[in-house]
Amino acid sequence: MKTKLLLLLLVFFGWTSQAQVSMIGPGATGTQWDADIDLLDQGGGIWSLTNVTMPGGEFKFRKNHSWGVNWGAVGFPTGTGVQDGPNITAISGTYDVTFNENTGEYSFSGGAPVPVVKLVGAAVSDVNGISFITTDGVVYTASNVTLLDGNAQFDIDGSLVGETTFPTGTLSGASDNIPVVGGGYTSITLDLSSGNYTFVAAPIYPVISIIGSAVGGWDEAHEVDMATNDGVMYTATVTLDGTAGNNELKFRTGHDWGLPNYGASDWPTGIATTTGGNIPVAASGTYSVTFNLTTGEYNFFFPGISLVGDATPGGWPTGTPGEIDPAQLTTTDGLDYQLASISLVVGGAKFRQNNDWATNWGAADFPAGTATPGGANIAVATAGDYGILFNRVSGVYTFGAPLANNTFSKSNFVVAPNPTNNAWTFASSNKAIISIQIVDVLGNVVATIAPQATTTSVDASSLAKGLYMAKISTANGSETVKLMKN
């Protein structure tokens, strides 16, 4: 009888205790991001493992062998991991590991003593200093930092040391200050064995902005600056006015009409030139924008938003290339998204953009709250059928009663020819098509148009052969269909 009871308890706990925290990444496992080292559950959210030999390099903690919940930070051998934080950089050695999933705190003990290095001083805006990372305890680096005009010193295990030269030099004494020139820096490197340091200035890219009546006016006060990592591809999120008389815009350089500005007559995609006119915005909404400064190619589109997680029928994404999340929300303005009805179970969920973890939102609150980028999983507490509303700018979401069915009938919509050699023609029998977004199997947006008509065509002649997905939106909602290019 005791044996049977013990077996029942083992089965019960084996099926109900499914949590697992692990480490993954080449810095922990010696392989790429495809294998986990499981930690042992000590209870109360504490996980540990002894005598772990780590080759050094980048790694993260994650839960249940899934990227839905993961922790990272800048700091080793101790630190506090945050959801979707940066990769932790380990120093090679053998360690005893402790991790607290409730607070994110971690520690690695038993390895060789590792100096802690920071940059401090008036040139650093953070009173705690800028932390450096290392894989060998000798060469330390900090990447992509912004500094102010002013003096700085290196803090090495609490001892301050500096020099009088910039941007390179050799550390000399505690009374010396490095005269930093304010600006962005790609990297700062310090070699502890020699004392040599180097500040590498980030390249200066042209400022490109969106200006025009569609963003509120043709003056600098209404201009929307775009972001870039390479000085070629610029991106932005912008709310546009599409009403007649207030619906034009251009791209311009350096907030100055004396510098090159770019326009064209096409919407929502086209090739802008320095002789082009104002770009006409056909429909109001909050758009994601891309602009290639080299080619002039631009694209205004509504990004896709989906709900993922073990609370959803589709579960957490597997990371398979070209994977498209099954629970896609719909939008007519690129700001407010909705899912009319979905059956959820108790578990976690998050919103993510364009079938990719690069942009995702979450929060611990349920059934309503304000999601933040990279926030915690939304804890679905009660199974049932829900209607979901989500604002991708404010992050406000609600899980409530199923919404009215806002999708339009396939019988009122056709696309032909499908497959095609040259172009697809889309037709809706009852509502004007607001937008069509076509993505390839890798999730890349290859075409976006805003026809504002019941019939329109999309040129496919330049597309590679294969499968595509088209998201078609009308005032009643949206629908996703498969397309084939011969």
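Cut-offs used in this document
- Residues numbered from 1 in each chain as written.
- Predicted model: local features only at pLDDT ≥ 70, side-chain atom pairs only at ≥ 80, totals over all residues.
- Heavy atoms only, no water.
- Helix = DSSP H or I, 4+ residues; strand = E, 2+ residues; numbered from the N terminus.
- Buried < 20%, exposed > 50% of the residue type's maximum accessible area, 1.4 Å probe, protein only.
- Contact = heavy atoms within 4.5 Å.
- Lys, Arg positive; Asp, Glu negative; His and termini not counted.
- Charge placed at Lys NZ, Arg CZ, Asp CG, Glu CD.
- Pairing = 2+ DSSP bridges.
- 1 Å grid on protein atoms, 1.4 Å probe; cavity = no way out; pocket = protein on both sides within 12 Å on 5 of 7 lines; lining within 4 Å.
- Points joined across faces, edges and corners; volume = space filled by probe spheres on them.
- Nonpolar A, V, L, I, M, F, W, Y, C, P; charged D, E, K, R; others polar.
- Core = buried A, V, L, I, M, F, W, Y, C linked by side-chain atoms within 4.5 Å.
- Salt bridge = Lys/Arg side-chain N within 4 Å of Asp/Glu carboxyl O.

I would appreciate a short explanation of the overall build of the chain in the present structure.
When you go through the chain residue by residue, the secondary structure sums to two helices and 48 strands. In the chain, which comprises 486 residues, the proportion classed as buried is 45%. Long-range pairs, those at least 24 residues apart, make up 60% of the contacts in the chain with a sequence separation of at least 6. Taken as two groups, the 17 positive and 38 negative side-chain charges of the chain have centres that lie 14 Å from each other.

Mind showing me how you'd approach the sheet that holds strand β24 (residues 227-228) here?
Pairing between sheet strands relies on hydrogen bonds along the backbone, with the strands arranged either parallel or antiparallel. Judged by pairing direction, the sheet is antiparallel, and its five strands sit side by side in the order β24-β25-β30-β31-β28 without closing on themselves. Sheet topology places β24 and β28 (269-271) at the edges, where each strand pairs with a single neighbour. As defined by bridge partners, β28 adjoins strand β31 (residues 297-301) across three bridges and the pair is classed as antiparallel. Within β31, the position partnered with I271 by the bridge is E297.

I keep staring at empty space enclosed by the protein and nothing clicks. Help me out?
Unfilled space is identified by rolling a water-sized probe across the atoms. Using the criterion set out here, one finds three cavities of 30 Å³ or more in the structure. Roughly 170 Å³ of internal volume is contained in the largest cavity. As for the largest cavity, its lining consists of 13 residues, and the residues nearest its centre are Q328, N355, Q437, V439 and K471. When residues of the lining of the largest cavity are traced back to their parent elements, those giving at least two are β44 (433-439) and β47 (466-474). Counting residues per element, the lining of the largest cavity draws most heavily on β47, at three residues. Classifying every residue of the lining of the largest cavity gives five nonpolar, seven polar and one charged. Approximately 140 Å³ is the volume attributed to the second largest cavity. Lining the second largest cavity are 17 residues, and of these F301, F302, S435, Q437 and T448 sit closest to its centre. Residue assignment for the lining of the second largest cavity shows that the elements contributing at least two residues are β31, β44, β45 (445-449) and β47. At three residues, β44 tops the list of elements feeding residues into the lining of the second largest cavity.

Please clarify how the environment of P373 should be interpreted in this entry.
Position of P373 among the secondary structure elements: in strand β38 (residues 372-373). Looking at P373, the relative accessible area reads 69%, which means it is exposed. Setting aside its immediate chain neighbours within four residues, P373 contacts N360 and W361.

What is the right way to look at the pairing of strand β41 (residues 396-400) in this model?
Alternating positions in β41 separate cleanly, Y397 and F399 being buried on one face and V396, T398 and G400 remaining unburied on the opposite face. Note: strand β37 (residues 368-370) against β41, three bridges, orientation antiparallel. The residue of β41 that forms the bridge with T370 is V396. Pairing geometry for strand β40 (residues 384-391) and β41, over four bridges, is antiparallel. Bridging from a neighbouring strand, L389 pairs with T398 of β41. Once β40 ends, the chain turns through four residues before running back antiparallel as β41, passing G395 with a positive phi of about 85°.

Is there a simple way to think about the nonpolar core in this case?
Where a protein is soluble and globular, its nonpolar side chains tend to be buried together. Ranked by size, the top nonpolar core spans 47 residues in total, and within it L240, F251, L307 and F351 carry the most contacts. Beyond its immediate chain neighbours, meaning those up to four positions away, L307 contacts T312, A327, L329, I342, L344, A349, K350, F351, I388 and F399. By size, the runner-up hydrophobic cluster in this structure holds 44 residues, among which are M23, L147, V180 and Y185.

Sorry, what's going on with the pattern of salt bridges here?
Oppositely charged side chains can pair when the atoms bearing their charge come close. Overall, the coordinates contain five salt bridges when judged by the stated rule. Between K63 and E101 there is a salt bridge, with the nearest N and O atoms lying 3.0 Å from each other. Of this pair, K63 sits in strand β5 (residues 57-63) while E101 sits in the loop between β10 (93-100) and β11 (105-109); the two residues are 38 residues apart in sequence, bridging distant segments of the chain. Look at E101 and you get buried, because its relative accessible area is 19%. Here D325 and R352 are joined by a salt bridge, their closest N and O atoms 2.8 Å apart. Placement of the pair is D325 in the loop between β32 (305-308) and β33 (330-331) and R352 in strand β35 (residues 347-353), with a sequence separation of 27 residues. This pair shows no difference in class: D325 is buried, exactly as R352 is.

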